[in-house]
Amino acid sequence: MRKIRIAMVGAGLAATPHALALNELREEVEVVAVVGRSPERVERFASAHGFPVGASVDAILNDATIDAMLVLTPPNTHLELVEQAAAMRKHVMLEKPLDVSMSRATRIVDICRTAECKLGVVFQNRFRPVVQRLAEVKASGALGSIACAGLDLRWWRPQSYYDEPGRGTYARDGGGVLLTQAIHSLDILLWLAGDVSSVAAATATTALHTMESEDFASASLTFASGAVGHLLATTAAFPGFPERIELIGDKGTATLEGGHLRVFFRDGSIDEFRDPSSSGFGAKPMDFSHAAHRALLKDFFDAVRDDRAPSVSGDDALRVQRLIERVTADAGKRL
């Protein structure tokens, strides 16, 4: 099996689970280079994980032996990096969100499609065993027709988290709790419950944080299927609680709370499944297993090798980012 040669761009907070996963996939992938804005941070990161330090992004782009780039930089840098990668016919695995706006995000997807470059997006939670179990239950018809679906994400981030320059700003991140934290669970909700046809929303920055964008969002949702639902997301709920996704059907109700799935059937039976891994809902954002990242990356490498679409595509990312934009736009109208 041919090894996929990949370069990492960015060595910040999001890079560690990827590095751990890549080292476990070294029979399938070779990390050729790591580059980033801070030479000191890149050197520490590369040394800790046994990766070579690259000279620059330009050096990566001009190296014809590199198949793909793993882009882990702040959202406002994504479009330009993807443009450069696609121009050199390199595949891209991109950290969420796609970019800071729908227009930039859409351009990323269009550019990769035109260049026939694979575009994968880091929605690793789809690969968590407990989420895949819920997806299997839903696909089997065991819940019946879905009437209600919702997400409650009550996480905590201390002020020190938002004191990092640029974090929680529109210029760098594109938004707050929706684009940075809730986006993962919203991806799962849309994946299982389908598209949303209408929203009635409110967003706010609570008195618990000093930041530019929202740390609280709520919305009533109507899905294209006719189902109704809700969204609540915040990073102001100390000390942080596992997120909860609920699907209510005419044959049963499924609740996924953190790593605990319970399915309550109309006949009185209950099915339970547990995944012990956390999701980083408290003061330690990276307090979770890298196993889902490993599965996501393996799927991407297989897609490159087999010339197929990654399981989590740019279109999937556009779908959830489009919902987030609708929620924030509707909330703005109500201010």
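Residue indices follow the written sequence of each chain, beginning from 1 at its first position. The model is predicted, so local features are restricted to residues of pLDDT at least 70 and side-chain atom pairs to those at 80 or more, both for listing and for counting; the totals for chains, interfaces and linings are taken over all residues. Side-chain numbers here rest on the full set of heavy atoms in the structure, without hydrogens or water.

**Things to note about the sheet that holds strand S7 (residues 196–204)**
So, point 1. With respect to topology, eight strands assemble into an open sheet ordered S7-S8-S9-S6-S10-S11-S12-S13, the strand pairing being mixed. The open sheet has two edge strands, S7 and strand S13 (270–274), and neither has a second partner. Strand-to-strand twist across the sheet, computed as the mean angle between neighbouring axes with direction ignored, equals 10°.
So, point 2. Two residues qualify as a contact provided that any one of their heavy atoms is within 4.5 Å of a heavy atom in the partner residue. All axes here are fitted lines through C-alpha atoms, helices being fitted over the stretch that makes contact, and every angle between N-to-C directions spans 0 to 180 degrees. Secondary structure elements are taken from DSSP: a helix is a run of H or I of four residues or more, a strand is a run of E of two residues or more, and numbering for both begins at the N terminus. Across the sheet, helix H8 (residues 177–193) lies against strand S6 (146–154), S7, strand S8 (216–223), strand S9 (228–234) and strand S10 (244–249), angled at about 160° from S6, the strand it touches most. When DSSP locates at least two bridges between a pair of strands, those strands are taken to pair.

**Describing the packing of helix H1 (residues 15–24) against helix H9 (residues 291–306)**
So, point 1. Running from amino to carboxyl end, H1 crosses H9 at an angle of 60°, the nearest separation of the two axes being 9 Å. With respect to H9, the axis of H1 lies oblique. As H1 runs across H9, the sense of the crossing is right-handed. For the pair formed by H1 and H9, the contact residues are Pro17, His18, Ala21, Leu22 and Glu24 on the first element and His293, Arg294, Leu297 and Phe301 on the second.
So, point 2. Across the contact of H1 with H9, the residue classes tally to five nonpolar, two polar and two charged. The cut-offs work like this: below 35 degrees is roughly parallel, past 145 is roughly antiparallel, 65 to 115 is roughly perpendicular, and the gaps in between are oblique. By convention, the crossing between two helices is left-handed when the near helix turns anticlockwise from the far helix through less than a right angle, and right-handed when the turn is clockwise. Classification used: nonpolar for Ala, Val, Leu, Ile, Met, Phe, Trp, Tyr, Cys and Pro, charged for Asp, Glu, Lys and Arg, polar for all others including Gly.

**Notes on the state of the cysteines**
So, point 1. Criterion for a disulfide: a pair of cysteine sulfur atoms within 2.5 Å. Here the structure, examined in full by the defined rule, presents zero disulfides.
So, point 2. Its sulfur unpaired, cysteine 117 is 5.8 Å from the next cysteine sulfur, which belongs to cysteine 112.
So, point 3. Under the relative-accessibility criterion, cysteine 117 is labelled buried at 7%. The classification of residues rests on relative accessible area computed with a 1.4 Å probe and restricted to protein chains. Under 20% of the type maximum is buried, over 50% is exposed, and intermediate values are partly exposed.

**A closer look at the side chain of arginine 172**
So, point 1. The topology assignment puts arginine 172 in the loop between helix H7 (159–162) and H8.
So, point 2. Polar contacts involving the side chain of arginine 172 include one to the side chain of aspartate 173, which spans 2.9 Å.
So, point 3. With near-sequence residues (within four places) excluded, arginine 172 lies in contact with Pro74, Pro75, Asn76, Val100, Glu164, Pro165, Gly166 and Arg167. Pairing of N or O atoms within 3.5 Å defines a polar contact, subject to two protein rules: one partner must be a possible hydrogen donor and the other a possible acceptor, and residues neighboring in sequence count only if both atoms are side-chain atoms.

**A few points about the sheet that holds strand S4 (residues 91–94)**
So, point 1. Read from one edge of the open sheet, five strands run S2-S1-S3-S4-S5, paired in parallel fashion. Every other strand in the sheet has two partners, leaving strand S2 (29–35) and strand S5 (119–121) as the edge strands with one partner each. The sheet shows a mean angle of 20° between the axes of neighbouring strands, direction not considered.
So, point 2. Here strand S1 (residues 4–9) pairs with S2 via six bridges, running parallel. When the sheet's bridge partners are listed, arginine 5 is paired in S2 with glutamate 30.

**As for the environment of leucine 208**
So, point 1. You can see leucine 208 is positioned in the loop between S7 and S8.
So, point 2. Considered as a pair, leucine 208 and arginine 157 are 51 residues apart in the sequence and their alpha carbons are 9.8 Å apart.

**Let's talk about the packing of aromatic side chains**
So, point 1. Put simply, two rings from Phe, Tyr or Trp (the six-membered ring, in Trp's case) pair if the centres are within 6.5 Å, and we call them stacked under 30 degrees between planes, edge-to-face over 60, tilted for the rest. Counted according to the given criterion, the structure contains four aromatic pairs.
So, point 2. Between tryptophan 156 and phenylalanine 238, the aromatic rings sit 5.4 Å apart at their centres with planes inclined by 90°, giving edge-to-face as the arrangement. Taken together, the residues span a long stretch of sequence, with tryptophan 156 in the loop between S6 and H7 and phenylalanine 238 in the loop between S9 and S10 at a distance of 82 residues.
So, point 3. For tryptophan 156, a relative accessible area of 15% puts it in the buried group.
So, point 4. Residue class for phenylalanine 238 comes out exposed when judged on its relative accessible area of 61%.
So, point 5. Only Lys NZ and Arg CZ are tested; either one counts as a charge over a ring when it is within 6 Å of the ring centre and within 35 degrees of the ring normal. Seen from the ring of tyrosine 161, arginine 157 lies directly overhead, with NZ or CZ sitting 5.4 Å from the centre.
So, point 6. Sitting over the ring of tyrosine 161, arginine 167 keeps its end group 4.1 Å from the ring centre.

**Observations concerning the nonpolar core**
So, point 1. To form a nonpolar core, buried Ala, Val, Leu, Ile, Met, Phe, Trp, Tyr and Cys residues must be joined to one another through side-chain atoms within 4.5 Å. Counting residues in hydrophobic clusters, the biggest one holds 99 residues, and the most contacted among them are Met8, Leu98, Leu178 and Leu186.
So, point 2. For this core, the leading source of residues is H8, giving 11 residues.
So, point 3. Excluding anything up to four places from it in sequence, leucine 98 contacts Pro75, His78, Ala105, Ile108, Val109, Leu119, Val121, Gly314, Ala317, Leu318 and Gln321.

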